[in-house]
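Commentary on secondary and tertiary structure
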Amino acid sequence: MDVAQLVPLAGVAIQCPAVPGRACPAKEVVVTVDNATATPVVIGGTRGGPSAPTLRQDRWWLQPLVTVTILTAFIVYSTWAIFVNKDYYVGATLHRDLISPFYSPCIAASCVPGSVGTTVVASWWHITPALIVMGGPLGFRLTCYYYRRAYYRGFWQSPPNCAVADGHRRYTGESRFPLILQNIHRYFFLIGLIFNVILTIDAVMAFRMPGAGGIGFSVGTLVLCVNAVLLWLYSISCHACRHLCGGNVRSFSRHPLRHRVWKLLTPLNARHMQFAWASLVFVAFTDLYVRLVASGVITDPKIF
Amino acid sequence: MTDPTPAPTAADATVTLRVWRGDPAGGELVDYTLPAQDGEVVLDVVHRIQATLAPDLACRWNCKAGKCGSCSSEINGKPRLMCMTRVDELPEGPITVTPMRTFPILRDLVTDVSFNFEVAKRVPAFAPPPPPPDGYRMQQVDVQRGQEFRKCIECFLCQDVCHVIRDHEENKQHYAGPRFFIRYAELEMHPLDTNDRRELVRQRMGLGLCNITKCCTEVCPEHIKITDNAIIPMKERVVDASYDPVAWLGRKILRRRKRTPDEAAATAP
Amino acid sequence: MPENESHRYDVIVIGAGGAGLRAAIEAHERGLRTALVCKSLLGKAHTVMAEGGVAAAMGNVYPEDNWQVHFRDTMRGGKYLNQWRMAQLHAQEAPDRVHELEAWGALFDRTPDGRITQRDFGGHRYARLAHVGDRTGLELIRTLQQRAVSLGIDVFMECKVLRLLTDDSGAVSGAVGYWRASGDIVVFESKAVVLATGSIGRCYTYTSNSWESTGDGHAMAMWAGADVIEMECVQFHPTGMVWPLSVRGLLVTEGVRGDGGALKNSEGRRFMFDYIPEMFRAETAETEEEADAWYEDHANNRRTPDLLPRDEVARAINSEVKAGRGSPHGGVFLDIASRRSADYIRRRLPSMYHQFMELAGVDITAEPMEVGPTCHYMMGGVRVHPETQAATVPGLFAAGEVAGGMHGANRLGGNSLSDLLVFGRRAGMGAADFAEGRAGEPAADPAQVDAVVAEAVAPFERDGGENPYDLHRDLQTTMQALVGIIRNGPELEQALEKLGELRERAGKVHVAGGRSYNPGWNLATDLPSLLTVSTAIAQGALARKESRGGHTRDDYPGPDPELGKVNFVQRQTGERGYAAPIQISAEPLPAMPAELQALLEEGH
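Sequence order as written defines residue numbering, which begins from 1 separately in each chain. The naming scheme follows written order: chains are lettered A onward, ligands numbered 1 onward. Given that this is a predicted model, residues contribute local features only at a pLDDT of at least 70 and side-chain atom pairs are listed and counted only at 80 or more, while totals for whole chains, interfaces and linings are drawn from all residues.

**Let's talk about the overall build of chain B**
Every helix listed is a DSSP run of H or I at least four residues long, and every strand listed is a run of E at least two residues long, numbered separately from the N terminus. Scanning chain B for helices and strands turns up 11 helices and seven strands. Referenced to the eigenvectors of the C-alpha coordinate spread, the extents of chain B come out at roughly 80 × 50 × 30 Å. Put plainly, a residue is buried at 20 or more neighbouring C-beta atoms within 10 Å of its own, exposed at 12 or fewer, and partly exposed in between, counting only other residues' C-beta atoms, which are placed from the backbone. Relative to its full complement of 269 residues, chain B shows a buried share of 61%. Each residue gets a C-beta atom placed from its backbone, and two residues are in contact if those atoms lie within 7 Å. Long-range contacts, defined as pairs at least 24 residues apart, comprise 63% of the intrachain contacts of chain B with a sequence gap of at least 6.

And the structure:
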C-alpha cells in the first residue's frame, strides 16, 4: 500500500477526511485477517515538548550501567576461565569430585584425567574442552527474553532506559537477520535442559569423597548443588518453557493438567530476571570455587 | 483525636509546574507557581493554573480517577497519568510537564493520538461461533487471561514510551504497538475466537520490531504485564506458526502448508 | 462568514458512552449512514466509571429471578414515579443485551458451570448484576467501542455539539458543533438525531461525574422545543470526599460507618446524636457509649445514629455545614482513624485504604476524611416515548442518562448500565425507523447556524468581563448549597434568583486565546447548558412539594400520594435558549395495566 496516497489524518477525526462540504460515505469494508493493512500515518508530524534526548531527572543511567558492568565482568572472567584450560577439576588426589560448570560435560581428548564424565566423544579436540560445551548455555542466555532486554538496553542503547532516546538512527528490531534468530530460543531452552541434567549429575557426584570416607558433604558439594538448583530455576522460569508447557493453549479448562503446570510456572516466570542474574553470578562463582580448590589456593572444607 | 482539622500546609509553600506550551509551530517551557495544597495530584495543579493564571492551557482529562486514561503526559520526563501522580511524591523543585512525545502535537499538553485509533480499526474483530441456544459457556480460568488485558484504559502511555515508534517515526506504518499487542493477545487467547491472527501480527503489525525492553510494562498504570503476559506469548505463538524449524520440517514432510490469512479468515463464521 | 465543514447523515448520535455507542451500532446495522459525535476521545466517556455491574434478570445464580421481579424492584426503587413501560421493557430486554455483549467479545466473570455470574446489589431482590470485577463499565464501553470500530461507524472525536438545528416544521434536521482541536465549526445535516450525552454532575461542586457531564443533551433538547421530566430527581450520595482535590467526588461507602467510622463536626462532636428523628428513636442509641458498644454487641445495644437512613444522614450533614460547624472545605469529618486500629481498617477496607493512599496520600488509618453530599446520577431527562425513545420533537431521540422516566425518583445500582444497552438499542432503532420514513434530505438553515456560531464565539469578541471559571464556580456553589441533597422552598427561590443573575453574567463571559483546544472557551460553551439544566432542576425541585426518592424537601418531609401520580414537565414554549424562561407543568403519569399493577402489589 502506498502510504503517500492515504488521506492524512485531520485533527482527531478518525473516520472522515475533514473535507469541507462533503459527506462521509458509509464505510462498508470490514477488516478481516486478510485485508488488514498497514497503518496509514503522516510521517513527520510535528511533536511537542522540548527536543531533548530525555527529560528524566532521576538516575536513569544507573540501571544500564550496572547491567553492562556485571555482564562485562562475567564475559571477561568466563573467557579467561574457558581459555585457561586448567584447574577445572578437583579429583581423587584432593579426595573430591568437583568439576567446573564451564567444563562439564568434559568430552574432549584434552580433558584432564578423571574429569571425563562418560566417554570422550570429541577425540579430535585438543584445545580447551570448555569451548565444545559453551555453545548451549551461551545460546540459551543470549536468546533469553530477559537477557535480550538487558543487553539491548545496556550495550545496544536501544533504548538505554524508558523515555530516553534510542542510541541508533535506524531500527528494525528482531524482524531481520541476525536478530530474527532470537526466535529459536525454545531450542536453546531444550538444550539448556540437557546441561541442567548433566550439572545435576555433577552435583550428585560431588557427594563422592574418594579416599575420604566415600560419601560426604563439603562446601564444594553445596556450591555445585546450589548452582544446579539455580540453573533449574532459571530454565523452568523461562518464557519459552511457560509457553510450551501450557501458555500455548487457547482454553485452559480443556487442558487441566497443562493449566496446572502453567500456574506453577507463572510465579517463577515473574522472577525470571532474578534467577537469570543469580544463576549467572553463581555459575562464575562455582567455577571460581572449583578453580581455587583445584589449584590448591584453598581446601574444600568438609561439612559432614 | 482532639483536633480533627488536618494540619494546613505552611502558608508560604509553593508548587511550580514547568509546562510545555506550544503548538505545531513551536513552543517552550513556561513556569507557573501557585501556593501548594495538601494531597494534590499534578492534574489538580494544572486545573488551578487554568482557573487562575492560564485559562487557555490545553490539557485532556475526564474522570480524574485513573479510569479513563485521558490525562497522559510526561512528568519529569516519565510517561504518566497526571491524575495519578501526586505532587508530594515528586522530588523538590519545579515539576516538568510535557506532552506525550510520540504523537504529533495539537496544543500544549494535548497530542493527536489518532495513530492509535487507526491501528484499532485494523484489528480483525472477534469471531465467535454462533451461540448455542442457552448462551455461550466459558470457564473463569479461560476468561481470566483476557480479562487482564481488558483492564487496559487506553491511556496510550505504552505506545508513547515504546522506542520503536517514539524514536523511529517511520515504524508507525507497520507497527501496532504494545496496546494492540495486548488486544491481539486477548483475541488469540479468547476461548471462543476462531480467527488466526498470528501471521498478520508477524507480517503487518510488526511484532518482530519489539525488542522486549519492557518499558510498556513499566509505565502501565493498570499494571498489566504487557511484555510477559502478552507480547512474549504472542512472539512464541508466532514462532509456533512461522519460525519453528521442527514444525516447518513437519509441515514439509506431511506436505502441509501454513494457512494463509485468507484461509484462516475463511474458517471464521 | 466562511463556508463551514459539513456532513450529511441519516442518523447522528451525540455522545459516545454506552447508550450512544449502542444506538450507533443499531442504526448502522440497519444500513443507515450513521455518525457518532463525542466531546472526548472514543472510549473515555463516563460509562467507564461504573463499577458494580449490569442488572439483568438472567437467573444464572437464582433461577427464580425473572423480569417481573426486576420490574417490581425497579418500580419500588423509583418510588413509582417511573414510566412503567420503560421499566418493563428494561427488565424484559436486559438479559438479551448482556448476551449480545458477550458475542461481541465481552468477558464477564463466570459461574462454576461456565455461565455469566451475577452479584447482589442494594434494592435488587436476587443476585442480578453481571460484572467484571469492579470495572464493568470499562468492559461495556470497550466492547461496544470495538464493535463500533469493527463495523466502520464514522466517529467524530473531540467534537462538541453546541445546538440542534430544526427545520420549518420544528423537526430536528441536524446539529452544529466545533472541533475541540481546531475550534472550527462543523455542521451535521441529518434525518434523525440521538442524544446520549449523559449526566449533569458538573452543575455541582461535589460530583463523581467527569467534566463532560454538563447536561448538554438535556439543554439542547429543551432549546429544540422538547419536554424534559423529573429534573428534580438527582441522586446524591451523602458521603463523597470533598477534600483533598485529588479525591474530590470519590464516594465513601456506608461500609466505613458500618465498621466503626463516626461523623463529627468541626468541634469534634458526634453530631448525629442531635438528629435522631422520632420514628427511629426507639432503635437508635442515645449515648456514644451505647453506640460504640453496639458494634460489638447488637443484641443488648441500639444502633449507632451514624447508620441512620441515607436522607437522615444527609440532612444532618447539611444542617451542620449550614450552621457553620462544617469542615474547612464544606463537608464534615468522617473519623475511623481514631476509633479503630490501623490493622483493622486495612483489613476491612482494603480498596478504600489503597485508593486514598495512592491518589491523595491520605492515610485513612491516621486522619479523618472530609465528606459531604456528592452528586452522582441524574434520573430526570428528556421525555421520551418508552418504545422508540422519541422525544416530543420529531427526529429527536434520547437514551441513557439524558433520557428521563426509566428510573423514576431513584435509580437502583446496576440499572444504569442495563438502561444504556436496552434503550441505546431502542433509540437506534427508533431513529433508524424515523430516518427511513423521512422524505428528502434535511438541510441546515444557514441563519440558525450563523446564530449559533455567533453566540459561541462571542466571548472572544468581548473586552474584559466574566471569567468562565469564576462563573462556573459560582454556579456550582449555588447549586451545591441551595439545590443540593436537602432542599427547601425559600432556598430554592433564592437559588432561582441567583441563577437569574448568573444567566445575565453568562452574557458577559470573556475568554482569551485562540479557538484551538482552548479549555477556557470550551467551558464558556458549556455554561449555557449548565445554566439551563440548573434552572430546570431548581424549578422542578420547587414544584415538587414532597420528599420522594432522590428528591428530599426539608419543608415537606414525607411523600404526597397525589404528587406521586404526576411528572413535572418542563419546556421552553416561546423563546428558546439559556436566557429564556422555562415553563413547568404537572402532567399525570401514564396508567399502568392491571397485570403489572398486580405485580407491584405482590409481597416479598
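That covers the picture; the talk isn't over yet.
**Side note on the overall build of chain A**
Of the regular secondary structure elements, chain A holds nine helices and four strands. When the helices and strands of chain A are placed in sequence order, the string is α-β-β-α-α-α-α-β-β-α-α-α-α. Intrachain contacts of chain A at a sequence separation of at least 6 include 66% that bridge at least 24 residues.

**Looking at the interface of chain A and chain B**
The interface is formed by 58 residues belonging to chain A together with 71 residues belonging to chain B. Contributions of two or more residues to the side of chain A that touches chain B are made by helix 4 (145-154), helix 7 (239-247) and helix 8 (256-270) of chain A. Examining the composition of the side of chain A that touches chain B, we find that five residues originate from one element, helix 4 of chain A, more than from any other. Put simply, Ala, Val, Leu, Ile, Met, Phe, Trp, Tyr, Cys and Pro go in the nonpolar bin, Asp, Glu, Lys and Arg in the charged bin, and everything else, Gly too, in the polar bin. The residue makeup of the side of chain A that touches chain B, split by class, is 24 nonpolar, 24 polar and 10 charged.

**What about helix 1 (residues 42-52) of chain B?**
What helix 1 of chain B keeps buried is the set B:Val42, B:Leu43, B:Asp44, B:Val45, B:Val46, B:His47 and B:Ile49. The secondary structure elements touched by the buried residues of helix 1 of chain B are strand 1 (14-23), strand 2 (26-35), strand 3 (72-75) and strand 5 (95-98) of chain B.

**Here's the deal with unusual backbone geometry**
Residue and element names in this part refer to chain A. Here Ser104 and Pro105 are connected by a cis peptide whose omega angle stands at 0°. Examined against the element boundaries, Pro105 turns out to sit in the loop between strand 2 (98-99) and helix 2 (130-133). In this model, Ser158 is joined to Pro159 through a cis peptide bond whose omega is -5°. Assignment of secondary structure puts Pro159 in the loop between helix 4 and helix 5 (185-205). If you check the backbone angles, Ala163 has positive phi at about 60° while not being a glycine. Note that Ala163 resides in the loop between helix 4 and helix 5.

**Re the packing of helix 3 (residues 84-103) of chain C against helix 11 (residues 415-437) of chain C**
Residue and element names in this part refer to chain C. Axis definition: a line fitted to C-alpha atoms, over the contacting stretch in the case of helices. Angles run 0 to 180 degrees between N-to-C directions. The contact between helix 3 and helix 11 brings their axes to 9 Å, and the two run at 95°. By the criterion of interaxial angle, the relationship of helix 3 to helix 11 is roughly perpendicular. Along the contact surface, helix 3 presents Leu89, His90, Glu93, Ala94 and Arg97, while helix 11 presents Ser418, Asp419, Leu421, Val422 and Arg425. Residues that form the contact of helix 3 with helix 11 fall into these classes: four nonpolar, two polar and four charged. For classification, angles of less than 35 degrees are called roughly parallel, those exceeding 145 degrees roughly antiparallel, those between 65 and 115 degrees roughly perpendicular, and all remaining angles oblique.

**What about the pairing of strand 2 (residues 34-37) of chain C?**
Residues and elements named next belong to chain C. Alternating residues of strand 2 divide into Thr34 and Leu36 and Ala35 and Val37, and every residue in both groups is buried. Paired strands are those between which DSSP finds at least two bridges. Pairing between strand 1 (residues 5-14) and strand 2: four bridges, direction parallel. Bridging across to strand 2, Ile14 finds its partner in Val37. Crossover handedness is defined by viewing with both strands directed away from the observer: a clockwise path from the first strand over the helix to the second marks the crossover as right-handed. On the question of chirality, the crossover connecting strand 1 to the parallel strand 2 by way of helix 1 (residues 18-29) is right-handed. The pairing of strand 2 with strand 6 (residues 154-156) spans three bridges and is classified as parallel. Bridge pairing links Leu36 to Val155 in strand 6.

**Quick notes on the domain arrangement of chain B**
All names here are of chain B. Splitting chain B by domain gives domain 1 (14-111) and domain 2 (114-267). What marks off one domain from the next here is an automatic or database domain assignment. Its C-alpha centre places domain 1 at a distance of 32 Å from the equivalent point of domain 2. A class-by-class count of the residues in the side of domain 1 that touches domain 2 yields six nonpolar, four polar and two charged.

**A closer look at the interface of chain C and chain B**
Counting residues at the interface gives 55 residues for chain C, matched by 53 residues for chain B. Going through the elements one at a time, helix 3, helix 4 (136-151), strand 13 (332-335), helix 10 (350-360) and helix 15 (519-543) of chain C are the ones with two or more residues in the side of chain C that touches chain B. Here the side of chain C that touches chain B takes five residues from helix 4 of chain C, the largest share from any one element. Grouping the amino acids of the side of chain C that touches chain B by side-chain chemistry returns 27 nonpolar, 16 polar and 12 charged.

**Describing the nonpolar core**
Residues and elements named next belong to chain C. In this structure, Val194, Leu195 and Phe397 are the most contacted members of the largest nonpolar core, which totals 321 residues. Sort the elements by how many residues they give to this core and helix 15 lands first, with 12 residues. Once you skip the residues sitting within four places of it in the chain, Val194 turns out to touch Val11, Val13, Ile14, Ala23, Phe397, Ala399, Ala427, Gly428 and Ala431. When buried Ala, Val, Leu, Ile, Met, Phe, Trp, Tyr and Cys residues are joined through C-beta atoms within 7 Å, the set is termed a nonpolar core.

**A look at the sheet that holds strand 20 (residues 583-588) of chain C**
Residue and element names in this part refer to chain C. Read across the open sheet, the four strands follow the order 15-10-19-20; overall the sheet is antiparallel. Two strands bound the open sheet, and with one partner strand each, they are strand 15 (381-382) and strand 20. With six bridges joining them, strand 19 (residues 566-571) and strand 20 adopt antiparallel strand pairing. Counted as the bridge partner of Arg571 is Gln583 from strand 20. Here helix 15 sits on the sheet in contact with strand 10 (228-229), strand 19 and strand 20, set at roughly 145° to strand 19.

**Quick notes on the sheet that holds strand 14 (residues 369-378) of chain C**
Residue and element names in this part refer to chain C. Spatial ordering of the open sheet is given by 11-14-13-12, a layout of four strands whose pairing is antiparallel. A strand with exactly one partner marks an edge of an open sheet, and here the two such strands are strand 11 (234-243) and strand 12 (262-264). Going from strand to strand, the sheet's axes swing by 45° on average, the running direction of each strand aside. As paired elements, strand 12 and strand 13 share three bridges and run antiparallel to each other. Along strand 13, the bridge assignment pairs Leu263 with Leu334.

**Regarding the pairing of strand 7 (residues 159-166) of chain C**
Residues and elements named next belong to chain C. Where burial is concerned, most of strand 7 is hidden: eight out of the eight residues are buried. Sheet topology places strand 7 next to strand 8 (residues 172-179); seven bridges connect them, and they run antiparallel. Across the sheet, residue Cys159 finds its bridge partner in strand 8, namely Trp179. Connecting strand 7 to the next strand, strand 8, in antiparallel fashion are five residues, including Gly170 with a positive phi near 95°.

**Looking at the confidence of the model for chain B**
All names here are of chain B. Scored between 0 and 100, pLDDT is the confidence that the predictor attaches to each residue. Looking at chain B as a whole, its pLDDT mean stands at 89, while 90% of the residues score no less than 70. Below a pLDDT of 50 lies the segment residues 1-8, which in the model reaches 12 contacts outside its immediate sequence neighbourhood of four places, other chains included. This stretch, residues 264-269, has a pLDDT under 50; its non-local contacts, to residues over four places away or in other chains, come to 16 contacts. Our summary of model confidence lists the complex with pTM equal to 0.91 and ipTM equal to 0.91.

**Concerning the environment of C:Val69**
By the secondary structure assignment, C:Val69 is in helix 2 (residues 67-77). For C:Val69 and C:Phe333, which are 264 residues apart along the polypeptide, the C-alpha to C-alpha distance reads 39 Å.

**Here's the deal with the packing of helix 5 of chain A against helix 6 (residues 219-236) of chain A**
Residues and elements named next belong to chain A. Running from amino to carboxyl end, helix 5 crosses helix 6 at an angle of 160°, the nearest separation of the two axes being 9 Å. Put simply, helix 5 runs roughly antiparallel to helix 6. Two packed elements cross with a definite hand, and for helix 5 against helix 6 that hand is left-handed. Across from Phe189, Gly192, Leu193, Asn196, Leu199, Thr200, Asp202 and Ala203 in helix 5, the residues of helix 6 making contact are Leu224, Cys225, Asn227, Ala228, Leu231, Trp232 and Ser235. A breakdown of the residues in the contact of helix 5 with helix 6 according to their chemical character gives nine nonpolar, five polar and one charged. Left-handed describes a crossing whose near helix is turned anticlockwise from the far helix through less than a right angle; right-handed describes the clockwise counterpart.

**Observations concerning the confidence of the model for chain A**
On average, residues of chain A carry a pLDDT of 86, and 85% of them reach 70 or more. Per-residue pLDDT stays below 50 along residues 1-29 of chain A; that stretch engages in 50 contacts with residues further than four places along the chain or on separate chains.

**A few points about helix 2 (residues 114-121) of chain B**
Among the eight residues of helix 2 of chain B, seven are classified as buried, and the element is accordingly described as predominantly covered. Every buried residue of helix 2 of chain B is accounted for by B:Ser114, B:Phe115, B:Asn116, B:Phe117, B:Val119, B:Ala120 and B:Lys121. Those residues of helix 2 of chain B hidden inside the fold are in contact with helix 4 (157-161) and helix 6 (178-188) of chain B together with helix 4 of chain C.

**Section: the environment of A:Ile184**
Here A:Ile184 lies in the loop between helix 4 and helix 5. Each C-alpha atom, one on A:Ile184 and one on A:Arg260, is 26 Å from the other, the two residues being 76 residues apart in sequence.

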